Amino acid sequence: MRTLALVAGFLCISIVLFDAFQTIILPRRATGRFRLTRLFYIATWFPWRFFARRFHHPRRREILLGYYGPLSLIFLLVVWAAGMVLGFALIYYAIGSPFIDPAQPSNFRTDLYVSGTTLFTLGLGDVTPHSPLARVLLIFESGMGFGFLAIVMGYFPVLYSAFSRREVSISLLDARAGSPPTAAELMRRHSCDGAAHSLSTLLVEWERWSAELLESHISYPLLCYFRSQHNSQSWLSALTAILDTSSLLIAGVRGLEARQAQLTFAMARHALVDLSQIFNLRPVPNAPDRLPPARCHELYDLLTASGIQLCYDESSRERLRQMRALYEPYAETLSRFLIMPLPEWFSLQPRKDNWQTVARLRAQTEATDPNNPVPTPAATDTSLGSSALIDRSHDF
């Protein structure tokens, strides 16, 4: 019995240490279908997602889903710590519980207590070891606990730094592609004279953003569960909108730099495919068509009305269909897994962008500003309501 406890203790500690090494320290994709971290997220995400689907109100559902990422990180650390405490307690039990406990005879509960107080470096001293081997093990466990806490303290800043870098570009895309972002809106707002260079520069930035997303989220898949600040934003919808835009440029939009669109498309698709493989998700073969023929005609009419020159023949439509088939099945499977809606190709009803939500407050501030004695009409005309402060044409 004690031999079995010794083997189980060493195995438990080894599993925890190796899993923490792969999750925190190793700067590449972790491998193994039976890793502790992977099993933890399988056991917690699916019930959490099932419960979140019961909320029909989108805002409440997003709030609940937004809690999962940070809370799962905390509970994962608790699981690691509990595994190490249990592992050392089993080893202490295997060597005969060599402790002097004034409250009760030494047993497995004493081993658990000593292991917990040692790992978290409490140093209470009410239970003392009476064998040299136990003293060595206590020193080893306390050092391991100190190192574990130090690594954990360094883990949080790395995660939130990567999350912050990801969200900056998503927030910048809001004024350039709408809320949620769409390919049609992104191209419409770059349809003025001289905007082709700006669109090409934007695609360069998103090529780099996709590479950073791939590098950070493969090393730390937990970041995929972190939600954006606004309900209409997500890293998946932004990435899909960039892929939609690149597909349109490659398929048949004239006058723009299709070469950069190809580079951005390749990098963004690479990130999308690899991230779906991180969760062992298979592409959805019969996903709902995001751009049926009727909607495709409307899309091209909308872009043409904005002054964008299009190549809308049968070959261009076929190229667009082939481009979409390269990434939409992967985007759909991630959307279903993470409960992140995919963006539309275009929206017939203009929506208020996230950055415009401060328009009313700004107008009221300018109306009462002593340095601005002549208030703006939008600020003083209360009969118009908040609709006067909403940009419905999106003519940038």
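Refer to the structure printed above.
Conventions and cut-offs
- Along each chain, the written sequence defines residue order, and numbers are assigned to residues from 1.
- Reporting of local features is limited, given that this is a predicted model, to residues whose pLDDT is at least 70; pairs of side-chain atoms are given and counted only at 80 or more, and all residues count toward the totals for whole chains, interfaces and linings.
- The side-chain numbers reported here are obtained from all heavy atoms of the structure, hydrogens and water having been left aside.
- In this text, helices come from DSSP runs of H or I with a minimum length of four residues, and strands from runs of E with a minimum of two, each type numbered from the N-terminal end.
- Throughout, exposure labels follow a simple rule: accessible area from a 1.4 Å probe, protein chains only, divided by the maximum for the residue type, with under 20% read as buried, over 50% as exposed, and the rest as partly exposed.
- Pairs of residues are marked as contacts when any of their non-hydrogen atoms sit within 4.5 Å.
- Throughout, the Shrake-Rupley method with a 1.4 Å probe supplies accessible areas, and for residues the shown protein chains are the sole cover considered.
- Pairing of aromatic side chains requires ring centres within 6.5 Å, counting the rings of Phe and Tyr and the six-membered ring of Trp. Pairs whose planes differ by under 30 degrees are stacked, by over 60 edge-to-face, and all others tilted.
- Our definition puts a charge over a ring when NZ of Lys or CZ of Arg is within 6 Å of the ring centre and also within 35 degrees of the ring normal.
- In these notes, a set of buried Ala, Val, Leu, Ile, Met, Phe, Trp, Tyr and Cys residues joined through side-chain atoms within 4.5 Å is what counts as a nonpolar core.
- Just to be clear on terms, a salt bridge is a Lys or Arg side-chain nitrogen sitting within 4 Å of an Asp or Glu carboxyl oxygen.
- Axes here refer to lines fitted to C-alpha atoms; in helices the fit is confined to the stretch in contact. Angles between the N-to-C directions go from 0 to 180 degrees.
- If an angle is under 35 degrees, it is roughly parallel; if it is over 145, roughly antiparallel; if it lies from 65 to 115, roughly perpendicular; otherwise it is oblique.
- Classification used: nonpolar for Ala, Val, Leu, Ile, Met, Phe, Trp, Tyr, Cys and Pro, charged for Asp, Glu, Lys and Arg, polar for all others including Gly.
- By this rule, a helix spans an expected 1.5 Å times one less than how many residues it contains.
- Whenever two N or O atoms come within 3.5 Å, that pair is a polar contact, provided that in protein one can donate a hydrogen and the other can accept it, and provided that, for residues adjacent in sequence, both atoms are side-chain atoms.
- Distance thresholds for patches are 9 Å for like charges and 5 Å for nonpolar side chains (Val, Leu, Ile, Met, Phe, Trp, Tyr), applied to residues having over 30% relative accessible area and no salt bridge.
- In this analysis the probe radius is 1.4 Å and the grid spacing 1 Å, with only protein atoms considered; a cavity is a set of points the probe fits into but cannot get out of, a pocket is an open set with protein on both sides within 12 Å along at least five of seven lines, and lining residues have an atom within 4 Å of a point.
- Grid points are joined across faces, edges and corners, and a volume is the space filled by probe spheres set on the points.

> Got a minute to help me understand the overall build of the protein in this structure?
Along the backbone of the protein there are 14 helices and two strands. Counting all 396 residues of the protein, 46% fall into the buried class. A fraction of 77% describes how many contacts in the protein between residues 6 or more apart in sequence connect residues 24 or more apart. Put simply, the protein shows about 20,400 Å² of open surface, and 62% of that area lies on carbon and sulfur atoms.

> What am I meant to see in the packing of aromatic side chains here?
The description of an aromatic ring pair rests on the distance of the ring centres and on the angle between the ring planes. Overall, the coordinates contain 22 aromatic pairs when judged by the stated rule. Measuring from centroid to centroid gives 5.2 Å for Y68 and Y225, while their planes differ by 65°, and the two rings are edge-to-face. Residue Y68 is found in helix α3 (residues 58-94), and its partner Y225 is found in the loop between α7 (195-219) and α8 (235-252); the two are separated by 157 residues along the sequence. Owing to a relative accessible area of 3%, Y68 belongs among the buried residues under this scheme. One aromatic cluster is present, built from ring pairs that chain together F40, Y41, W45, F46, W48, Y68, Y225, F279 and F337. Across the ring face of F50, the terminal group of R54 is positioned such that the distance to the ring centre comes to 4.5 Å. In this arrangement the basic side chain of R295 is found over the ring face of F346, its NZ or CZ atom lying 4.1 Å from the centre.

> For this particular structure, what's the right way to read the nonpolar core?
If you look at soluble globular proteins, the nonpolar side chains tend to sit buried side by side. With 96 residues, the main nonpolar core has Y225, W235, L248, L272, L334 and W345 as its most contacted residues. With 13 residues, α3 is the largest single contributor of residues to this core. Beyond its immediate sequence surroundings of up to four residues, W345 is in contact with T182, A183, A184, D244, L248, R290, L291, L299, L320, R324, Y327 and E328.

> Explain the pattern of salt bridges to me, please; I cannot follow it from the model alone.
Side-chain pairs of opposite charge can arise where the charged atoms are in close proximity. All chains considered together, the criterion is met by 13 salt bridges. Among the ionic pairs, R290 bridges to D244, the shortest N-O distance being 2.7 Å. Here R290 is found in the loop between α9 (258-278) and α10 (293-305), whereas its partner D244 is found in helix α8, with 46 residues between them in sequence. The residues R290 and D244 share a single accessibility class, namely buried. The partner of E328 in a salt bridge is R290, with the nearest N and O atoms 2.8 Å apart. Placement of the pair is E328 in helix α12 (residues 328-338) and R290 in the loop between α9 and α10, with a sequence separation of 38 residues. Classification of E328 as buried rests on a relative accessible area of 11%.

> Explain the packing of α3 against helix α5 (residues 132-177) here, please?
Helix-helix packing: each pair is described by the crossing angle between the helix axes and the interaxial distance. Relative orientation of the contacting elements α3 and α5 amounts to 170°, with a least axis distance of 12 Å. Relative to α5, α3 is oriented roughly antiparallel. Touching P70, L73, L77, W80, A81, M84, F88, I91 and Y92 of α3 are L137, L138, F140, E141, M144, F148, V152, Y155, F156, L159 and Y160, all from α5. Here the contact of α3 with α5 is built from residues that sort into 19 nonpolar, no polar and one charged.

> Explain the packing of helix α4 (residues 108-119) against α5 to me, please; I cannot follow it from the model alone.
Packing of α4 against α5 brings their axes to within 7 Å, and their N-to-C directions diverge by 45°. On the basis of the axis angle, α4 is oblique to α5. Contact residues: V114, S115, T118 and L119 in α4; L138, E141, S142, G145 and F146 in α5. Broken down by class, the residue content of the contact of α4 with α5 amounts to four nonpolar, four polar and one charged.

> It is not clear to me how α8 should be interpreted in this structure. Could you clarify?
An α-helical segment advances 3.6 residues per turn. Residues three or four places apart therefore align on the same side. With 18 residues, α8 extends 26 Å from end C-alpha to end C-alpha; this agrees with the ideal 26 Å at 1.5 Å per step. Of all 18 residues in α8, 17 are buried, a share of seventy percent or more.

> I tried to follow the side chain of Q260 on my own but got confused; where do I start?
Mapping Q260 onto the fold places it in helix α9. The contacts of Q260, once residues within four sequence positions are left out, are S200, L203, V204 and E207.

> Could you clarify how one ought to interpret the environment of T245 in this entry?
As for its position among the elements, T245 is in helix α8. Given the relative accessible area of 0%, T245 is considered buried. Separated by 42 residues in the primary sequence, T245 and L203 place their C-alpha atoms 9.3 Å from one another. Setting aside anything within four residues of it in sequence, one finds T245 in contact with A183, L186 and M187. Among the polar contacts listed, one links the side chain of T245 to the backbone oxygen of A241, at a separation of 2.9 Å.

> Help me out: how do you make sense of a nonpolar patch on the surface in this one?
Together, I63, Y67, L71, I74, F75 and V78 make up a nonpolar patch on the protein surface, roughly 550 Å² of accessible area in all. Along the polypeptide, L71 turns up in helix α3. Classification of L71 as partly exposed rests on a relative accessible area of 32%.

> Looking at this model, I keep getting lost on empty space enclosed by the protein. Mind explaining?
To find the voids left in a structure, one rolls a probe of water-molecule size over its atoms. Overall, the coordinates contain two cavities of 30 Å³ or more when judged by the stated rule. Of the voids in this model, the largest cavity is the one considered here, and its volume is about 70 Å³. Lining the largest cavity we find A162, R165, R166, W209, E212, L213, S216 and H217. Secondary structure elements with two or more residues in the lining of the largest cavity: α5 and α7. Broken down by element, the lining of the largest cavity gets its largest block of residues, five residues, from α7. Taken together, the residues of the lining of the largest cavity break down into three nonpolar, two polar and three charged. Computed from the structure, the second largest cavity encloses a volume of approximately 40 Å³.

Without other data, these values stay purely geometric and don't point to any function.
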